[in-house]
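Each chain, written out:
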Amino acid sequence: MDETEAETSGQLQAAEFGRPMLEQHFPHVARRGVLMLNNGSFGLTEEFESFADEFVRLRQVDLNYSSLEAIARRLRVRPQQCALLENVTIGVSNILRRLLALEPPGSQVLINSWTYIAVRMAATEAGEAPEAKLQLPLKSGEDVLRAELTALCRSRGIKVIIDGAHAIGQVPNLDIEDIGADFYLGNLNKWHFLPKSVALMWIGEAHVSTMKPDIVSWLLHDEVLPHRYSYLGTRDTSSFYVIPEALKFIDEICGGLDRVYEYCRSLADEASSYLAGFWGTDLLPLPADMQAPFMRLIRLPQHLQRPAIKKFAEETRFESNMWKFLAYKLKMDLLILNIEDSLFIRIAASIVVDMNDIRLVGDTMMRLKETDFVLD
């Protein structure tokens, strides 16, 4: 059945992933001519215009809640225990400040050696933050590690915050409540195709009554938790209100989250295997069940390692300079990360990427010289 027949019969035909998806449904991205291999940072879509005064005053709170209900149904959580925020880091900062204000003097925030840098900064700003060391290669699988650490902390009266920034839309059958944490946060603009930026903050029932936003505004003392977070001045929160459309896009245009998962996971596997083989390197040593389904870290070719590592040690902004080189000179949106004194490239296999893009990355990196890669 071709597209015309499918439309005539009332059946929806799922769109083809890769270049056709990019050009048909993300034309503003396609026009830039950039290989979008970093979907995990900010997603794919543009920001919207701000809303008018009438919208903010009369419709914003209700629309916020209806959007929250839509994603809460998808994730099987109660909207009364959730709030929409701009991103995970804002939520973690808010939670830490509220908790420390209520905890006895001298309470500390425990982080680990792989805590995301912005979350680490929020923790250290909130107070003293001792660090638990987690060395590579990790032996336990993600589910075991998460369950063991959560149970251990809870048994000792330690409240647990899960930074699930990449999980929603990427981790299959995600059961937030079953994890057993006190707080769970995840971004929606990364793998649920929302405009940047929007995140979900889930709050355990024991903390619902005490959680309030850092910004003091009109609904600070509202009995309904999500309302407290839905009217915080004149922020442009338009991205919050298209959650139902994003879910519709996943279901109808993409053919469902399972189809997205299968494509992106398979592409990530094939792409990482190809690049590691082509470059004669390897992947970051993680157990298979700790690999992010759509994202991989591949060690860069040896001839690009030595001078860049030296630059990493000497210049705090070198990582940013490398990103500029890749984005502006090579037209590739990629991340280069320094992990235990070795450089890795992070690829994010999204629905607008295919193996032709990956082969281009492989060839380009092999052709680079040390003098090309290291910017002065």
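Below or above, wherever it landed, is the structure these notes cover. Source: prediction; values computed, not measured.

Attention now goes to the overall build of the protein chain. When helices and strands are counted, the protein chain shows 17 helices and 11 strands. When each of the 376 residues of the protein chain is scored for burial, the buried share is 48%. Residue pairs at least 24 apart in sequence account for 68% of intrachain contacts in the protein chain once pairs closer than 6 positions are excluded. In the form shown here, the protein chain has an accessible surface area of approximately 19,100 Å², with 52% of it arising from carbon and sulfur atoms.

Turning our attention to helix α6 (residues 60-75). With 16 residues, α6 should reach 22 Å at 1.5 Å per residue; the first-to-last C-alpha distance of 23 Å fits that figure. After α6 finishes, the residue Arg76 shows a positive phi value of roughly 60°.

Now for the sheet that holds strand β6 (residues 183-187). In spatial order, the strands read β2-β7-β6-β5; together these four strands make up an open sheet with mixed pairing. Whereas interior strands pair on both sides, the edge strands pair on one side only; in this sheet they are β2 (82-85) and β5 (161-163). Here the strands of the sheet are splayed against their neighbours by 15° on average, with no regard to which way each runs. Summarising the sheet, β2 and strand β7 (residues 199-203) pair through four bridges and their orientation is antiparallel.

To continue, consider the packing of α6 against helix α12 (residues 243-253). For the pair α6 and α12, the least separation of the axes is 8 Å and the interaxial angle reads 40°. Viewed along their axes, α6 and α12 adopt a mutual orientation that is oblique. Within the contact between the two elements, α6 uses Ser67, Ala70, Ile71 and Arg74 and α12 uses Ile243, Pro244, Leu247 and Asp251. Its residues assigned to classes, the contact of α6 with α12 shows five nonpolar, one polar and two charged.

Judged by side-chain polarity, Tyr116, Ile117 and Met121 come together as a nonpolar surface patch covering roughly 340 Å² of accessible area. Along the polypeptide, Tyr116 turns up in the loop between β3 (111-112) and α8 (117-126).

Another aspect to go through is the pairing of strand β10 (residues 335-339). A regular strand carries its side chains on alternate faces of the sheet. Strand direction decides the pairing type here: β10 and strand β11 (residues 342-348), joined by five bridges, are antiparallel. In the strand pairing of β11, Ile339 is matched with Ser342.

This part takes up the sheet that holds β10. An order of β8-β11-β10 is seen for the three strands of this open sheet, with the pairing classed as antiparallel. Two strands close off the open sheet at either side, each with one partner strand: β8 (295-299) and β10. Put simply, the sheet's adjacent strands are angled 35° from each other on average, direction ignored. Where β8 and β11 come together, five bridges link them in antiparallel fashion. Note on β11: the bridge partner recorded for Arg299 is Phe344. Along the sheet, helix α13 (residues 257-279) contacts β8 and β11; its crossing angle with β8, the most-contacted strand, is approximately 5°.

Criteria and cut-off values
Counting starts from 1 at the beginning of each chain's written sequence and moves along it residue by residue. pLDDT decides what is reported in this predicted model: residues at 70 or higher carry local features, side-chain atom pairs at 80 or more are listed and counted, and totals for whole chains, interfaces and linings draw on all residues regardless. With hydrogens and water stripped out, all remaining heavy atoms of the structure feed into the side-chain values. Secondary structure elements follow DSSP: runs of H or I no shorter than four residues count as helices, runs of E no shorter than two count as strands, and numbering proceeds from the N terminus. Remark: exposure states derive from per-residue accessible area (1.4 Å probe, protein chains only) relative to the maximum for the residue type, with buried under 20%, exposed over 50%, and partly exposed in between. It only takes one pair of heavy atoms within 4.5 Å for two residues to be counted as in contact. The method behind every accessible area is Shrake-Rupley, applied with a 1.4 Å probe, and residues are considered shielded solely by the protein chains displayed. One less than the number of residues in a helix, times 1.5 Å, gives the span that helix is expected to have. At least two DSSP bridges between two strands are required for those strands to pair. For helices, the fitted line uses only the C-alpha atoms of the stretch in contact; every axis is such a line through C-alpha atoms, and the angle between N-to-C directions lies from 0 to 180 degrees. An angle counts as roughly parallel when it lies under 35 degrees, as roughly antiparallel when it exceeds 145, as roughly perpendicular when it falls between 65 and 115, and as oblique in every other case. Residues are sorted three ways: Asp, Glu, Lys and Arg are charged, Ala, Val, Leu, Ile, Met, Phe, Trp, Tyr, Cys and Pro are nonpolar, and all the rest, Gly among them, are polar. Patch construction takes residues with relative accessible area above 30% that form no salt bridge. Like charges are linked within 9 Å, and nonpolar side chains (Val, Leu, Ile, Met, Phe, Trp, Tyr) are linked within 5 Å. Just to be clear on terms, a salt bridge is a Lys or Arg side-chain nitrogen sitting within 4 Å of an Asp or Glu carboxyl oxygen.

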